[in-house]
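Chains, contacts and geometry: an overview
Listed here are the chains, written in short residue letters.
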Amino acid sequence: MVHVEGVERTDGHMRVEVSTPSQLMGCPDCGVVAPSRGRRVRQLHDVPHGSTRVVLVWRQRVWRCPDPACARGTFTEQVPDLVRARGSVTTRAVAWAMEQLRREHATISGLARQLGIAWKTMWRGIKPVLEHLDGQEQRFEGVKSLGVDEHIWHHGDPRRKGPKELTGMVDLTRDEQGRVHARLLDLVPGRSKKACTDWLTARGDAFRKNIAVAALDPFGGYKAAIDEELADAVAVLDAFHVVKLGTQVVDEVRRRVQQATLGHRGRKGDPLYGIQTILRAGAENLTDKQLDRLATAVEADPAHEEVYVAWRCAQDLRATYRDKDATKGRRRAEKILDSFHTCPIPEVARLGRTLRRWREAFLAYFTTGRANNGPTEAVNGIIELHRRLARGYRNRTNYRLRMLLAAGGLTP
Ligand SMILES: [Zn+2]
């Protein structure tokens, strides 16, 4: 594609002169053979060689159409394999940067530093490639199982930054071995029935007909959208979110009991404060020492009994999903549906009522080959990680493209 004409090394830098072999060039508009108008020198940032920054000096050819009737005038050589039109980062360096972002959890600023360029220059190199991949409708092919899940992407002013929530569309389809490789397909602004409906409509009939299972967090709007747009799909309550509801109940009860017994919010040294993390973990993961600490905290005051009961309930809820036998899991779930709503602890009773409202979708998990659990969590983990790495995002378009790249949505 290009010849290397010379290499010059200085401290930590390498300048490589490149050009293409000369050839006859026709005007792209009229086809007349165009005489050369010399060359234009462009500096392109390439993949660093260890800690050595590499700059390609491209002597780009320029021609001029000789036909006075043609509007073309002068035109310059384009080598897309080398660099995009008007780009300053080589195609190879852009591909390298995308791999670093995706697999090595690199940051734009870190990559820019390695290339010796500004953040903006790096992003300007990558963004058009992400936009191109994003526009490929084929990336939505083959999705049989869809997860719908929301997260908060900013805590700023919604008038300036738009809705705080984004609805994530996640591909939860199993491969031939039955494994799920979750991919984040899209992030849609807002948390509403409309956000979900519009996205499903835009995907077209073939996509919608192909979806057999849709896993949701317990939010009525999503369910309504799924029922309308995906008539043949089974709606399943996402296990990850159900377990989270249980953990939230324990937290709420702990805070209420703490306030009632001590008259203040938990602080260091309070018995219930010290076991926060223990209460959030699965019982099967606790060490003997942690179980002892839990028992000591519960016994410290008779009022703490409520916290213990709430914790047991949350553990029962977790256990439905952990049972290797789906039939037994379903039986556990039915028991929860029959008992939680009558619990004297108001937070547990409320959870019981929520689950009863979602009865069918809650139980569907056990009859749809256990749609999911880890996958949604994994995608959320990647989003969290990349958000922390980038120290926040100001711009939703950039945020969306970066998250799609990181969570596999741009590669089929
Ligand atoms: Zn011409």
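Residues numbered from 1 in each chain as written. Predicted model: local features only at pLDDT ≥ 70, side-chain atom pairs only at ≥ 80, totals over all residues. Heavy atoms only, no water.

Structural notes on the coordination of the zinc ion
Here the zinc ion is held by Cys27 (SG), Cys30 (SG), Cys65 (SG) and Cys70 (SG), and the distances to it run 2.3 Å. Around the zinc ion sit 4 donor atoms, and with donor-metal-donor angles ranging over 100 to 117° the site reads as tetrahedral. Within one chain, the residues serving as donors to the zinc ion are arranged as C-x2-C-x34-C-x4-C. An identical accessibility class is assigned to Cys65 and Cys70; each is buried. (Donors = N, O, S within 2.8 Å, 3.2 Å for Na, K, Ca; no water. Tetrahedral: all angles 85-135°; square planar, octahedral: opposite > 155°, others 65-115°. Buried < 20%, exposed > 50% of the residue type's maximum accessible area, 1.4 Å probe, protein only.)

Digging into the nonpolar core
Ranked by size, the top nonpolar core spans 62 residues in total, and within it Leu146, Trp199, Leu355 and Phe362 carry the most contacts. Every residue in contact with Phe362, bar those within four places of it in the chain, is listed here: Leu237, Val242, Leu317, Tyr321, Ala333, Leu337 and Leu355. Listed in part, the 35 residues of the second largest apolar core include Ile117, Trp153, Leu187 and Ala407. (Core = buried A, V, L, I, M, F, W, Y, C linked by side-chain atoms within 4.5 Å. Contact = heavy atoms within 4.5 Å.)

Here's the deal with the packing of aromatic side chains
In total, this model carries 12 aromatic pairs according to the counting rule given. Both rings, one in Phe140 and one in Trp199, keep their centres 5.7 Å apart while their planes meet at 80°; by these two values the pair is edge-to-face. Here Phe140, found in the loop between α3 (119-134) and β6 (145-152), pairs with Trp199, found in helix α5 (residues 193-203); they are 59 residues apart in sequence, far enough to count as distant. Of the residues examined, Phe140 reaches a relative accessible area of 5% and is grouped as buried. Geometrically, the ring pair formed by Tyr365 and Phe366 is edge-to-face, given 5.1 Å between the ring centres and 80° between the ring planes. Relative accessible area serves as the criterion here: at 4%, Tyr365 is assigned to the buried category. The exposure class of Phe366 is buried, given its relative accessible area of 7%. Aromatic rings pair up to connect Tyr321, Phe362, Tyr365 and Phe366 into one cluster. Across the ring face of Phe140, the terminal group of Arg203 is positioned such that the distance to the ring centre comes to 4.2 Å. One Lys or Arg, Arg203, reaches over the ring of Trp199 and ends 4.9 Å from the middle of that ring. (Phe/Tyr/Trp six-rings, centres within 6.5 Å; stacked < 30°, edge-to-face > 60°. Helix = DSSP H or I, 4+ residues; strand = E, 2+ residues; numbered from the N terminus. Lys NZ or Arg CZ within 6 Å of the ring centre and 35° of its normal.)

What to know about helix α7 (residues 220-229)
Of the residues making up α7, those classed as buried are Gly221, Tyr222, Ala225, Ile226 and Glu229. Taken down its axis, α7 places every buried residue within 135° of arc, on the same side. Of the surrounding elements, those touching the buried residues of α7 are β6, β7 (165-171), α5, α6 (205-210) and β9 (213-216). (Arc of directions from axis to C-beta.)

Digging into unusual backbone geometry
In this model, Arg86 sits at a positive phi of 65°, which is unusual for a non-glycine residue. On the secondary structure map, Arg86 appears in the loop between β5 (74-76) and α1 (91-103). For His105, which is not glycine, the phi torsion reads 50° and is therefore positive. The class of His105 is partly exposed, set by a relative accessible area of 34%.

Side note on the pattern of salt bridges
Following the criterion strictly, the structure yields 29 salt bridges and no others. For Asp217, the salt bridge is made with Arg191, and the minimal N-O distance between the two is 3.4 Å. In this pair, Asp217 is assigned in the loop between β9 and α7 and Arg191 in the loop between β8 (183-189) and α5, connecting sequence segments 26 residues apart. A cluster of three or more residues bridged by salt bridges with shared partners is formed by Asp134, Arg139, Asp186 and Arg400. (Salt bridge = Lys/Arg side-chain N within 4 Å of Asp/Glu carboxyl O.)

With respect to the side chain of Thr107
Secondary-structure assignment places Thr107 in the loop between α1 and α2 (108-115). Under the relative-accessibility criterion, Thr107 is labelled buried at 17%. Within the structure, Thr107 has its side chain in polar contact with the backbone nitrogen of Gly110 (distance 3.0 Å). Filtering out sequence-adjacent residues up to four positions away, Thr107 remains in contact with Leu101, Leu389 and Arg402. (Polar contact = N/O pair within 3.5 Å; in protein donor to acceptor, adjacent residues only side chain to side chain.)

Considering the packing of helix α8 (residues 239-262) against helix α11 (residues 305-322)
At a minimum axis distance of 9 Å, the contact between α8 and α11 shows a crossing angle of 175°. Classified by the interaxial angle, the pair formed by α8 and α11 is roughly antiparallel. Contacts from Ala239, Val242, Val243, Gly246, Val250, Val253, Arg254, Arg256 and Val257 in α8 reach Glu306, Val307, Ala310, Trp311, Ala314, Leu317, Arg318 and Tyr321 in α11. Classifying every residue of the contact of α8 with α11 gives 12 nonpolar, 1 polar and 4 charged. (Axes fitted to C-alpha atoms, helices over the stretch in contact; angles between N-to-C directions. Parallel < 35°, antiparallel > 145°, perpendicular 65-115°, else oblique. Nonpolar A, V, L, I, M, F, W, Y, C, P; charged D, E, K, R; others polar.)

Quick notes on the sheet that holds β9
Taken in spatial order, the 5 strands of this open sheet run β8-β7-β6-β9-β10, and their pairing is mixed. Of all strands in the sheet, those with a lone pairing partner are β8 and β10 (234-237), marking the two edges. The sheet shows a mean angle of 25° between the axes of neighbouring strands, taken without regard to direction. Both β6 and β9 contribute to a ladder of 4 bridges, which runs parallel. Paired with Val148 across the bridge in β9 is Leu216. (Pairing = 2+ DSSP bridges.)

Quick word on the packing of α11 against helix α13 (residues 346-357)
At a minimum axis distance of 10 Å, the contact between α11 and α13 shows a crossing angle of 25°. By the angle between their axes, α11 is roughly parallel relative to α13. Between α11 and α13, the contacting residues are Glu306, Ala310, Cys313 and Leu317 on the first element and Pro346, Val348, Leu351 and Leu355 on the second.

So, the confidence of the model for the protein chain
Across the protein chain, the average pLDDT comes to 91, with 99% of residues at or above 70. The lowest-confidence element of the protein chain is helix α15 (residues 374-389), averaging 82 in pLDDT; the highest-confidence one is α13, averaging 96. (pLDDT = per-residue confidence, 0-100.)

Examining the pairing of β6
For β6, the buried fraction is high: 6 of the 8 residues fall into the buried class. Both β6 and β7 contribute to a ladder of 7 bridges, which runs antiparallel. Looking across to β7, one finds that Asp149 is bridged to Gly168.

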